[in-house]
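# Structural characterization, general
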Amino acid sequence: MSLLEKKIYTVLALLLIFIFPINSSGQNQSFIESGSIEFERSENVFFYLDSYYGTLEGDMKKYADEYKNNNPKFKLTSFILDFDTNESIFLPKSNSELKIDFLSQFSSENKVLVDFKRQTYSAQKNIFGIKYRFNEPIKKINWKLTGETREIAGFLCRRANGLIADSIYVVAFYTDQITPKGGPESFMGLPGMILGVALPNEHITWFAKRYTPGRDRQLLIRNKLEGKAITTSELDEVFKNERNRRTLNLLNFIKRRTLF
Amino acid sequence: MPMKFYILFLVFICISCVASSQSFKIIGSVQDTSKKIKLNQASIVLVNSKDSIIYADTRSLNGVFMFQNVVKNDYHLIISYPKYVDFFLSLNLEKDSLINLGTIHLMDEAILLNSVTIKGKRVGIKIRGDTTEYDPAAYNLRPNATVEDLLKQVQGMQVDRNGNITAQGKQVRRVLVDGEEFFGNDPTLVTKSLRADMVEKVQVFDKKSDQSAFTGINDGRDAKTVNVKLKRENKSGNFGRVELAVGNLGFYQGQGFYNRFHNDNKIAAYVFSNNTGNVGLSKRDRQQYSDGGVEATYNALDVDIWNGSYGGRGIPKSTGLGGQFSNKFNEGKVVMNMNYSYNNLNVLGSDFVERQENLPSAYLLSNSVRKFDNNDQKHNFNGDLKILLDTSSTLVVKINAGQIRRNTFNNFRAEIKDSIGNIINSNSRLFETFANKYAGTADLLYLKKLNKERRTISIGLNLFHTTSASSGTLISNTNTGVTSELNQLKYNDDHSSIINLKSTYTEPLTKSSTLSANLIWIFNSSRLNRETFDQARNSQISVLNEALSNDYRLEQVFQRGGLNYYFSTKKVRFQAGSDFAYVNFDQNDRSKNSFLRKEFYNLYPSAEFAYNFSAMETFSMKYNGYPTLPSIEQLQPVINNTDPLNLILGSIDLRQSFSNSISLNYIAFKTAKDIFMSGNFSFSQIKNPISVIVNTDSEGLSIYKYANLNNVSNLRYSGSFSYAAPLKLSNISFTIDGSMDGNRLNNIVNSKLSNNLLNMYKLTFGLGKAKKGLYNCGVSFGVIYNTNKNSLQPLLQNESWGYQTRPNLDFYLPFKMTIHTEVDYLFQGKTTSFTNDFSRVLWNSYIQKDFFKNSDLSIKLTLNDALNQNRGFERYITQNLVIQNTYDTIKRYFMFSCVWNFKKFNSVK
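Residues numbered from 1 in each chain as written. Chains lettered and ligands numbered in written order. Predicted model: local features only at pLDDT ≥ 70, side-chain atom pairs only at ≥ 80, totals over all residues.

Per an unreviewed UniProt entry, chain A goes by GLPGLI family protein and derives from Pedobacter mendelii.

This paragraph deals with the overall build of chain A. Helix and strand content of chain A: six helices and 13 strands. In chain A, buried positions account for 27% of the 260 residues. Long-range pairs, those at least 24 residues apart, make up 53% of the contacts in chain A with a sequence separation of at least 6. (Helix = DSSP H or I, 4+ residues; strand = E, 2+ residues; numbered from the N terminus. Buried ≥ 20, exposed ≤ 12 C-beta atoms within 10 Å, placed from the backbone. Contact = placed C-beta atoms within 7 Å.)

Along chain B, the regular secondary structure elements total six helices and 50 strands. Going through the 909 residues of chain B one by one, you find that 28% of them count as buried. Considering only contacts within chain B whose residues lie at least 6 apart along the sequence, 64% involve residues at least 24 apart.

This part covers the interface of chain B and chain A. Each partner contributes to the interface: chain B provides 24 residues, whereas chain A provides 22 residues. Among the secondary structure elements, those contributing two or more residues to the side of chain B that touches chain A are strand S2 (38-39), strand S3 (43-48) and strand S4 (54-59) of chain B. Split into classes, the residues belonging to the side of chain B that touches chain A amount to eight nonpolar, seven polar and nine charged. (Nonpolar A, V, L, I, M, F, W, Y, C, P; charged D, E, K, R; others polar.)

Let's shift gears to the environment of Phe815(B). By the element assignment, Phe815(B) lies in the loop between strand S44 (798-813) and strand S45 (817-828). Residues Phe815(B) and Phe851(B), 36 residues apart in the sequence, show an inter-C-alpha distance of 8.8 Å.

Moving on: the sheet that holds strand S6 (residues 74-80) of chain B. Residue and element names in this part refer to chain B. If you trace the four strands from one edge of the open sheet to the other, you get S4-S3-S6-S7, paired in antiparallel fashion. One side of each edge strand has no neighbouring strand; the edge strands of this open sheet are S4 and strand S7 (87-92). Averaged over all pairs of adjacent strands, the angle between strand axes in this sheet comes to 20°, irrespective of strand direction. Examined bridge by bridge, S3 and S6 share six bridges and lie antiparallel to one another. Counted as the bridge partner of Leu 46 is Leu 77 from S6. (Pairing = 2+ DSSP bridges. Axes fitted to C-alpha atoms, helices over the stretch in contact; angles between N-to-C directions.)

The subject of this paragraph is the pairing of strand S35 (residues 646-649) of chain B. Residue and element names in this part refer to chain B. Where strand S34 (residues 639-640) lies against S35, two bridges are found, and the strand directions are antiparallel. Bridge pairing links Asn 640 to Ile 648 in S35. The loop that links S34 with its antiparallel partner S35 comprises five residues. Here four bridges tie S35 to strand S39 (residues 702-708), and the two strands are oriented parallel to one another. Within S39, the position partnered with Leu 649 by the bridge is Lys 705.

In this fold, Ala668(B) is placed in strand S36 (residues 657-670). Expressed as a C-alpha distance, the spacing of Ala668(B) and Glu617(B), which sit 51 residues apart in the sequence, is 4.0 Å.

With that settled, the discussion passes to the confidence of the model for chain A. Residues and elements named next belong to chain A. Put simply, chain A has an average pLDDT of 83, and 87% of its residues get 70 or more. By mean pLDDT, the top-scoring element of chain A is strand S11 (residues 193-199) (95), and the lowest-scoring one is strand S1 (residues 26-27) (46). Note on residues 15-27: pLDDT under 50 across the span, and 12 contacts to partners over four residues away in sequence or across chains. (pLDDT = per-residue confidence, 0-100.)

The next subject is the environment of Phe257(B). Residues and elements named next belong to chain B. Within the secondary structure, Phe 257 sits in strand S19 (residues 252-262). Exposure remark for Phe 257: the 20 C-beta atoms within 10 Å place this residue in the buried category. Sequence-wise, Phe 257 and Tyr 270 are 13 residues apart; in three dimensions their C-alpha atoms are separated by 4.4 Å. With sequence-adjacent residues up to four places away left out, Phe 257 is seen in contact with Ser 193, Gly 240, Arg 241 and Tyr 270.

Generally speaking, a soluble globular protein has its nonpolar side chains buried in company with each other. Residues Ala172(A), Tyr174(A), Ile194(A), Leu195(A), Ile79(B) and Leu106(B) are the most contacted members of the largest nonpolar core, which totals 58 residues. No other element matches the five residues that S11(A) contributes to this core. Those residues within four positions of Ala172(A) in sequence are excluded, and the remaining contacts are Ala160(A), Gly162(A), Gly183(A), Phe187(A), Leu190(A), Ile194(A), Gly196(A) and Val197(A). Formed by 20 residues, the second largest nonpolar core is a distinct cluster that contains Ile165(B), Val177(B), Val204(B) and Val226(B). (Core = buried A, V, L, I, M, F, W, Y, C linked by C-beta atoms within 7 Å.)

Below is the structure:
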């Protein structure tokens, strides 16, 4: 090699040494792939009582007034969402702490198991006192992304608006720092974990309170889903049969609660 | 047998080809801007442009991401990564089935956050291509703050006392709401009536003219535009404001705005009445838009030259109302906008003019006092329609019509003294006029994209017509040792019609360059008929005064064509070209039945070069050469004696002048450090200018005659710079602005050439600091220096210094109260010709209390000009005259006002 060629090769070699490492190193922010999120659900119970029980007379009215006198306007319930990139389980934090009231029979204590790989989910819901088990593919919701952001449980979340069952307006906040596309109840499908959901017309919200790393493997084993297997069309039949016992207004309210 | 397979195979390939030509693959990679590190697990979301519905999402792996089988549509791509600024990109999938976005660089949020002085985690500024977006929630605003209050705080934007907005160094010509015009002829109606809490974001960008946006060539003729995007929940509902105020000395102010929005359907109305000179007065007079004027244009050739504006002189009384309606039909293919406005202005007052006239052998000093009482009533209607005929062609139709009724009443008294102090001339006169004016324009523009990108053709037709009929009475008494009296009736009848037909064809030469060819044909016909009748005293007989009457007609036909070459890449923009015109200039003196035919050959060369250092730093240079043809009132061979001591005479022999002008501009906004700077310099030379020859006799009577000055050029030059940055210590914002204006103008006075040199320099410093919820204060201090020298009287050089300081303070008190106080101190030093200093202190303050949760109701007590020192004052120099003008203006008053804001929005569906 001539002196010039040697020089060129040396320079090239040096350049390669310096360029390559820069090119090949990736940046890995701390993205979260698994863990446990505690959600707090808030329901405006007085609103339900006024809207769906207010017009009734007799026992129900008495129950409604008595409830209002002895309870706060917003009922708070804690749930746990334990997840990783394959699956997630959502369930009430503590069965013993669950309040028993008129809402207990209207899908208040759902347990939801999601399989991200197969894109299906199973849910256990208590409706009219009977435990039912649903098994469905994950519904595709058309989420509209807005520019709004909000901080929830220490994560920066983006807002998306969507519509469920053509009638229920949903506002959801998701964070792309947690990669599995899950969320509380059966709300999922956004480009990250949903940490906040609000159904403005139903006066109900779920917001994440804290995230802890590490999964509880025992959770799944201790909480197998039980109940009578049912499809949504079969559920419609159940509601039809309840027509004579409750007002249409109340029935629709209960039906909407089974949708999420 | 094998044949069947082959055929099936072929068919299969064809089907998959057809199928795949409708689906796209998008790939790209993501990296950090400064460290060049690949970003892993970045969230990439593809969203429909039209309705923001998430179409698909993915995460980057080793920096690389991919979307497959994407259906043809218009999308937004949003890339986000924790601690980095979001990246947005618009994707319109057209031809290529593989879109390679290359390497996308994300900017570290820490750099941006450090510069924005807000609390909380929201970042106020986003840069999307050539648009800057501001998020109102990131700024310190009062609960019922208007969009104007928001713009005052936004970096790179300044709002002056009248509400005029300057963004990144250029004046904002349009404020749109959700992309559409909203009371287009008065942008302050948007900024003052919309509340900042209804706004999702404010976008600032350069809006191209309809023709430029269509052809795809950046012709550099952009208008700085602000687009206010409303929050989704504010797109449907109604809102508005009512303000009532009453003060002492008979001052009052009332205004109401009502707006009803229902998605694309927008209705708005306003009404106002006041005698404080605040809303809807001076801005409406100015014609601001080059995209086809939004307010009717009128000639200014009436018996009295008052243009119907308040301009700060005298005591005004103004009432007006207007309405706007806009809607979109046919899925946005048809956009319609209509507005109507009415304004009645009355101005009454007096002004005092001191004038020094430089003559070769002497100079004269004159004083005049004028009392005026003027009224102007105008109606204006605008309609425009934009129709997307199909994906490649658009039709735009604009109509504009207006009417003005004006009357003026002036009472003058003037005295002229010679340099020793003897009165050589005195005059008193009464001048009363009426005018009735109409104007209308119709604009039709057809734009069509041909089969290749940037190959387009456009044809535009513009029709314009205006007529004015004005009349007046002039009664004048002049005493020069001998008295002379005038009692005259004057009539002016003027018409003007223009037909303008223009067609442009553009052809792409290479990926970055385009050639455009244009052909223009203009027919411009105007007629000015002036008649003066002398009325003898105690007699009803009036006789036509032939020296003061003339019926003149001017017809111009322009045949013009030209070529322009454009080159544009992301960094560089270059343009060069010229038009060439042949003009037939026919002058017809109908009173004397004589004709004069002239021909002009004109060249309109232009060139421009711009370099974008980055998205927020640009340098540009522009050159323009153009002729200025003489106008009908400069040509008309008649004496105008509305000021009997200063007669004006036209000249039929005038020829055109030619101007060469150059300008340089630099503007930069360093987002990381929040520093804004701009600088510009412009220079123009007018060759063979149309100037005046003045002859003043020993009795102070002057005759001004228009004439071209051969072998002489007039020069005008100006420069300015601006710098704004936050100071390191305790968040004080600092600005410095400087400007320089000057000119060298020539005219001929008593057969000698008068060369007048004028230079004005101004330097202003400003400091400001705000603490959310507590106070907002600022102070500016400026120094002004003027010099003037005239070759006829070199010993009478005028040199003066001036100072101006403006401190202001807002205090936010508990119980939703605010105190605001501002002072404006102005000092102008004496000069050789004006031996008095001028100084005044203007002190305005108010105290305000808001009620209700959203501060919907406010009560305010205002004290205007507490020290009662307001005086109108102006000094200016023109040709061989130095003039100082002081005038009546609104002085001290206090006012009690009540403002109620209302808004009701329907829940979103």
